[in-house]
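Coordinate inspection notes
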Amino acid sequence: MEISNKVHEAIDGFKLPGELKECIRYGSGHINDTYRLTYETPKGTKRYILQRMSKSIFKKPVELMENVSGVTAWLRKKIIENGGDPERETLTLVKSNDGLPYFVDSTGEYWRVYLFIEGATCYDAVKDDNDFYQSAVAFGHFQRLLADYPAETLHETIKDFHNTPDRLEKFKKAVAEDICGRAASVQKEIDFILEREELTHALYDLQLDGRLPLRVTHNDTKLNNIMIDDETGKAICVIDLDTVMPGLTANDFGDSIRFGASTALEDEQDLSKVSCDLHLFDVYARGFIEGCGGALTDLEIDMLPMGAILMTFENGIRFLTDHLEGDHYFHIHREGHNLDRCRTQLTLVKDMQEKLPQMNAIIQKYK
Ligand code: ADP
Ligand code: MG
Ligand code: MG
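Residues numbered from 1 in each chain as written. Chains lettered and ligands numbered in written order. Predicted model: local features only at pLDDT ≥ 70, side-chain atom pairs only at ≥ 80, totals over all residues. Heavy atoms only, no water.

1. As for the packing of helix α6 (residues 187–195) against helix α12 (residues 337–366)
It is at 11 Å that the axes of α6 and α12 come closest, and there the two elements cross at 40 degrees. Classed by the angle they form, the pair α6 and α12 counts as oblique. Remark: the crossing between α6 and α12 carries left-handed chirality. Here α6 contributes E189, F192 and I193 to the contact with α12, which in turn contributes L339, C342, R343, L346, V349 and K350. Here the residues of the contact of α6 with α12 sort into six nonpolar, no polar and three charged. (Axes fitted to C-alpha atoms, helices over the stretch in contact; angles between N-to-C directions. Helix = DSSP H or I, 4+ residues; strand = E, 2+ residues; numbered from the N terminus. Parallel < 35°, antiparallel > 145°, perpendicular 65-115°, else oblique. Left-handed = near helix turned anticlockwise from the far one by under 90°. Contact = heavy atoms within 4.5 Å. Nonpolar A, V, L, I, M, F, W, Y, C, P; charged D, E, K, R; others polar.)

2. Topic: the coordination of the magnesium ion (ligand 3)
The magnesium ion (ligand 3) binds to the protein through D240 (OD) and D240 (OD); the donor distances cover 2.2 to 2.4 Å. Here the magnesium ion (ligand 3) and the magnesium ion (ligand 2) are spaced 3.9 Å apart, and both take D240 as a donor. By the secondary structure assignment, D240 is in the loop between β10 (235–238) and β11 (245–247). (Donors = N, O, S within 2.8 Å, 3.2 Å for Na, K, Ca; no water.)

3. Describing the coordination of the magnesium ion (ligand 2)
Around the magnesium ion (ligand 2), the protein supplies N225 (OD1) and D240 (OD) as donor atoms, at distances of 2.2 Å. In this structure N225 comes out as buried when scored by relative accessible area, which is 4%. By relative accessible area, which is 23% here, D240 ends up partly exposed. (Buried < 20%, exposed > 50% of the residue type's maximum accessible area, 1.4 Å probe, protein only.)

4. Description of the UniProt feature "domain: Aminoglycoside phosphotransferase" (unreviewed entry) in the chain
Using the residue numbers shown here, the UniProt feature "domain: Aminoglycoside phosphotransferase" (unreviewed entry) corresponds to residues 24–265. Taken end to end, residues 24–265 comprises 34% helix and 19% strand; its first and last C-alpha atoms sit 32 Å apart. (UniProt positions renumbered as here; feature names shortened; annotations may be inferred.)

5. Remarks on the site of ligand 1
Not every one of the 19 residues close to ligand 1 is listed here, only the nearest: N32, Q51, L115, I117 and D240. Measuring from an oxygen atom of ligand 1, one finds a side-chain N or O atom of D240 at 3.0 Å. Notes on ligand 1: free accessible area 540 Å², of which the protein chains cover 96%. Contributing elements (two or more residues each) for the shell around ligand 1: β3 (44–52) and β6 (110–115). Lining the shell around ligand 1 are residues from two domains, each supplying at least three of them: domain 1 (5–118) and domain 2 (129–366). (Near = heavy atom within 4 Å. Polar contact = N/O pair within 3.5 Å; in protein donor to acceptor, adjacent residues only side chain to side chain. Areas by Shrake-Rupley, 256 points an atom, 1.4 Å probe, with all protein chains shown as cover. Domains from an automatic or database assignment.)

6. A short note on helix α1 (residues 5–12)
Turning to α1, its buried residues are V7, A10 and I11. End-on, the buried residues of α1 take up no more than an arc of 100 degrees, which puts them together on one face. The exposed set on the far side of α1, more than 90 degrees from its buried face, consists of N5 and D12. Looking at the packing, one finds that the buried side of α1 touches β1 (19–25), β2 (33–41), β3, β5 (103–104) and β6. (Arc of directions from axis to C-beta.)

7. Quick notes on the packing of aromatic side chains
Throughout the structure, instances matching the rule amount to 13 aromatic pairs. For the ring pair F132 and Y284, a centre distance of 4.8 Å and an interplane angle of 45 degrees mean the geometry is tilted. Of this pair, F132 sits in helix α4 (residues 129–145) while Y284 sits in helix α9 (residues 278–292), placing them 152 residues apart in sequence. The pair F132 / Y284 is uniform in exposure class, with both members buried. For K77, the ring lying beneath its charged end belongs to W74, and the centroid distance is 4.5 Å. It is K127 that lies over the ring of Y123; its NZ or CZ is 5.5 Å from the centre. (Phe/Tyr/Trp six-rings, centres within 6.5 Å; stacked < 30°, edge-to-face > 60°. Lys NZ or Arg CZ within 6 Å of the ring centre and 35° of its normal.)

8. Regarding the sheet that holds strand β9 (residues 226–229)
The strand order β7-β9-β10 describes an open sheet built from three strands, whose pairing is antiparallel. Both edges of this open sheet fall to β7 (120–121) and β10, since each of them pairs with a single strand only. As judged from the three bridges shared by β9 and β10, these two strands associate in the antiparallel manner. Each residue of the ladder has a partner; that of I226, found in β10, is V238. Relative to the sheet, α4 contacts β9 and β10, its axis offset from that of β9 by approximately 115 degrees. (Pairing = 2+ DSSP bridges.)

Next up, the structure:
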């Protein structure tokens, strides 16, 4: 078992019962460093997930962990009330020797331990409609269980994350400054965005005036952030709660549609391949609304398609902003990569705006 001193130090920071038998790198997450620990105890084998939280991405680890602790404790209570198994249906944090839900090592890195969820798997890619449907049910169910959570008590760990008007302001500033001299070459895209300036207020204003409630949002609603039961094939648990924040239900729904119902990859260069697949939209909408189980208001449900348009628009704005500013936020793997990404998003926005009546009709079927 070859593990670094730092990992040893972290393991020692948690008094886990039994004898450590194995420690391996685990999973295919891109953000945190994840390890699986196996202990032999008199009661049998017990496994855990040990994670070093990304220092570069999460600047406020204590606030982040307060969010995770609050939400997991709430979920645990709800799951027990519903007669479920809290150790499989939500993440369970293990306290460190200091009695905290994390451990800080001698170099200032933050670590945490979760019980390992047994008998379930995270899949990286959607292979069929059922996978997409299962993730929809899981993220909808997450909304349902947290519907009466006081969302305003959560920390906004990434400030203005889905403040679309603010994203637009930052974009305008990037156009005005044009530090790379690229604005002239993307005038078409700039115009497309500016023509839709009003759109950036579509949900934000409803939230400001209290017509849309603030909810607990997940903000990373990928398939590989849910666990699927190996026996039943059903989603049992939502994981990866690092980006849990107060927000709108339509954000989580919309982001899933943005990347999950698109017929092309986010950086496809042949824009004729890019569209929103209404069948996949239907599959996700059905699962999500079912999972929410009546916890959403009428207006929240009505605004789900707008969430899809807005999340896509917001990403298009962000990609173009980064292109104009010299690609310092999103990693690029080729010249113009962020511009390609911007173009797929704007193509999707146009397609979704045209398909809005059909999307609304689908939503109404499941309301
Ligand atoms: P990242 O932010 O790096 O994606 P995740 O929290 O999603 O980190 O964890 C990475 C991977 O580790 C997951 O995709 C999953 O395979 C595995 N994993 C995380 N937590 C658990 C857990 N409690 N039980 C079993 N596997 C887990
Ligand atoms: Mg993950
Ligand atoms: Mg993550």
